[in-house]
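# Breakdown of the fold
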Amino acid sequence: MVDLQTFEELCFAMPGVEKVLHWDHPAFRTKRRIFTTLWPETTSANFNFTPEEQAAFCQEDPKSFYPVEGGWGRQGWTTVNLKKVKKKMLENAISSAWYNAAPPKLQEQYRLEKGL
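Residues numbered from 1 in each chain as written. Predicted model: local features only at pLDDT ≥ 70, side-chain atom pairs only at ≥ 80, totals over all residues. Heavy atoms only, no water.

Another point: the side chain of Ser-44. Within the secondary structure layout, Ser-44 lies in strand E4 (residues 44-48). Of the residues examined, Ser-44 reaches a relative accessible area of 8% and is grouped as buried. At 2.7 Å, the side chain of Ser-44 forms a polar contact with the side chain of Thr-42. Sequence-distant contacts of Ser-44, that is, excluding residues within four places in its chain, are made with Thr-37, Leu-38, Trp-39, Thr-79, Val-80, Asn-81 and Leu-82. (Helix = DSSP H or I, 4+ residues; strand = E, 2+ residues; numbered from the N terminus. Buried < 20%, exposed > 50% of the residue type's maximum accessible area, 1.4 Å probe, protein only. Polar contact = N/O pair within 3.5 Å; in protein donor to acceptor, adjacent residues only side chain to side chain. Contact = heavy atoms within 4.5 Å.)

This is the structure we're talking about:
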């Protein structure tokens, strides 16, 4: 299980992240777009993945990751149950979703810093 404070700390560990409200829920974004929205009342978060990333996360850990219902889910939006997910898997999810939302220059800076 990952608690809400740890979730926020992991999001803020990524460069250029700010916390905003989205439909009255905390969301984390880059200058470009939101990459995750936190749902504290259900201890879950929704991530903006590509459909391919969504399939990979859902296949790797189907007890923690599942597509959002409807059209948003078909676009890659994926729910993670923070009560079940392992911290390392969550770190990978945050990194993937952040990368999709980060501006190209920030992506490049991140790759250089991480040696990717």
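And the narrative resumes.
This next bit is on the packing of helix H1 (residues 4-12) against helix H4 (residues 87-101). Contact geometry for H1 and H4: axes closest at 10 Å, N-to-C directions at 40°. Between H1 and H4, the angle falls in the class oblique. Here H1 and H4 pass one another in a crossing that is right-handed. Contacts between H1 and H4 involve Thr-6, Phe-7, Leu-10 and Cys-11 from the former and Lys-87, Leu-90, Glu-91 and Ile-94 from the latter. Taken together, the residues that form the contact of H1 with H4 break down as five nonpolar, one polar and two charged. (Axes fitted to C-alpha atoms, helices over the stretch in contact; angles between N-to-C directions. Parallel < 35°, antiparallel > 145°, perpendicular 65-115°, else oblique. Left-handed = near helix turned anticlockwise from the far one by under 90°. Nonpolar A, V, L, I, M, F, W, Y, C, P; charged D, E, K, R; others polar.)

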